[in-house]
Structures are given as structure tokens and as C-alpha cells.
Amino acid sequence: MPGLIELSKELQKRGVGLVVLGQGIDTSTAVGRMFFQILGAIAEFEHALMPERTMDGLEAARARGRTGGQKPKLGPRQVQLAREMYDSGELTVQQIADEFGVTRPTNHRHLSKVPSQSQEPA
């Protein structure tokens with residue numbers, strides 16, 4: 001908005017009037033300049049409200065049980081199977097990842113969320 005007003009002032013200094021055909025604004029008149037600035041202020045206000053509205057929308061979605069982001073690559077059953085395969089020591093992390101069609105880091109991320117069978121208290 002400040003850039004637009006500055007451009008309008010620069011054009012006015014040069015004797016050039018700005019006419020917005022779609023809205024019927026003519027900055028060569030006092031009323032046209034006022035209307036142009038009012039519309040600019042409203043646009044700036046709307047722009048400032050966007051983050052607030054976004055946060056409100058995300059909060060409302062969370063209240064409805066919706067979460068953002070990508071769905072997990074492995075389901076709970078697959079993660080448990082991957083943990084059992086890893087704990088058995090027969091397969092490497094890469095082999096387990098290949099088995100489930102995920103990358104090694106993805107496999108590690110899922111495995112880190114499930115405690116090892118050998119670490120659980122008896």
C-alpha cells in the first residue's frame with residue numbers, strides 16, 4: 001500500500017492522473033484521490049487480517065479433529081511389525097525400509113516412536 005500511494009503521489013507531481021476504469025476512480029480529482037486512499041487502506045487492512053484468519057481456521061479445524069500435514073507413511077500395525085523385525089536383529093534398517101517401501105530416515109522416525117521390546121521392563 002505505501003508503494004501504491006507513493007506511486008500515485010509521484011504521478012501527481014508529474015501531472016499524470018491515475019484512472020482506474022473498473023472502479024471509476026480518477027486521482028486527478030480530490031474525491032478520486034480520497035477514494036483511492038480509502039480503498040488502499042481497506043486492502044491493507046484485509047492483508048493484515050489474513051494471518052489471524054488463517055490461525056482461526058486452523059484452530060477450528062483442530063477442534064473438529066482435523067490435523068494438517070502429511071499422513072504417516074506407516075500405519076500402527078506396520079510400525080509394530082517394523083519394530084519387531086528390527087528387534088529380531090535379522091534385518092537391517094535399510095532392509096526393513098525397503099520391505100515397507102519407505103526411506104531409511106522415515107523408518108528410523110517411525111521406529112523411534114515405538115519402544116524396543118528389549119527395553120520394556122519385565
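Refer to the preceding data block for the structure.
Residues numbered from 1 in each chain as written. Predicted model: local features only at pLDDT ≥ 70, side-chain atom pairs only at ≥ 80, totals over all residues. Heavy atoms only, no water.

Given a rise of 1.5 Å per residue, 34 residues ought to cover 50 Å, and the 49 Å separating the end C-alpha atoms of helix H2 (residues 30-63) matches this to within 8%. Taken as a whole, H2 carries its principal kink of about 35° at Met50; the proline Pro51 stands between one and four residues after it. All buried positions along H2 are accounted for by Gly32, Phe36, Gly40, Leu49 and Ala61. Next to the buried residues of H2 lie helix H1 (2-13) and strand E2 (25-26). (Helix = DSSP H or I, 4+ residues; strand = E, 2+ residues; numbered from the N terminus. Expected span 1.5 Å × (residues − 1). Bend = angle between axes of the 7 residues up to and from the residue. Buried < 20%, exposed > 50% of the residue type's maximum accessible area, 1.4 Å probe, protein only. Contact = heavy atoms within 4.5 Å.)

The next subject is the packing of helix H4 (residues 93-100) against helix H5 (residues 104-112). Where H4 contacts H5, the axes come no closer than 9 Å and their chain directions differ by 100°. By the angle class used here, H4 and H5 are roughly perpendicular. The segment H4 lies against H5, with Val93, Gln94, Ile96 and Ala97 engaging Arg104, Asn107 and His108. Taken together, the residues of the contact of H4 with H5 sort by class into three nonpolar, three polar and one charged. (Axes fitted to C-alpha atoms, helices over the stretch in contact; angles between N-to-C directions. Parallel < 35°, antiparallel > 145°, perpendicular 65-115°, else oblique. Nonpolar A, V, L, I, M, F, W, Y, C, P; charged D, E, K, R; others polar.)

Moving on to the packing of helix H3 (residues 76-88) against H5. Running from amino to carboxyl end, H3 crosses H5 at an angle of 95°, the nearest separation of the two axes being 9 Å. Looking at the two axes, H3 sits roughly perpendicular to H5. Residues Val79, Ala82, Arg83 and Tyr86 of H3 pack against Asn107, His110, Leu111 and Ser112 of H5. Its residues placed into classes, the contact of H3 with H5 shows four nonpolar, three polar and one charged.

Among the nonpolar cores identified, the biggest contains nine residues, and these are Leu74, Val79, Ala82, Ile96, Ala97, Phe100, Val102, Leu111 and Val114. At the level of secondary structure, the elements contributing two or more residues to this core comprise H3 and H4. No other element matches the three residues that H4 contributes to this core. When near neighbours in sequence (up to four residues on either side) are disregarded, Val79 contacts Leu74, His110 and Val114. (Core = buried A, V, L, I, M, F, W, Y, C linked by side-chain atoms within 4.5 Å.)

The final tally for this structure, using the stated rule, is three salt bridges. Between Arg14 and Glu10 there is a salt bridge, with the nearest N and O atoms lying 3.2 Å from each other. Take Arg14: its relative accessible area is 62%, and that puts it in the exposed class. With its nearest N and O atoms 3.2 Å apart, the salt bridge here joins Asp87 to Arg83. Of this pair, Asp87 and Arg83 both sit in helix H3, separated by four residues, roughly a single helical turn. Of the residues examined, Asp87 reaches a relative accessible area of 28% and is grouped as partly exposed. (Salt bridge = Lys/Arg side-chain N within 4 Å of Asp/Glu carboxyl O.)

Below, the discussion takes up a nonpolar patch on the surface. Together, Val31, Met34, Phe35, Ile38, Leu39 and Ile42 make up an exposed nonpolar region whose accessible area comes to about 530 Å². Here Leu39 is to be found in helix H2. Since its relative accessible area comes to 32%, Leu39 is described here as partly exposed. (Patch = residues over 30% accessible without salt bridge, like charges linked within 9 Å, V, L, I, M, F, W, Y side chains within 5 Å. Areas by Shrake-Rupley, 256 points an atom, 1.4 Å probe, with all protein chains shown as cover.)

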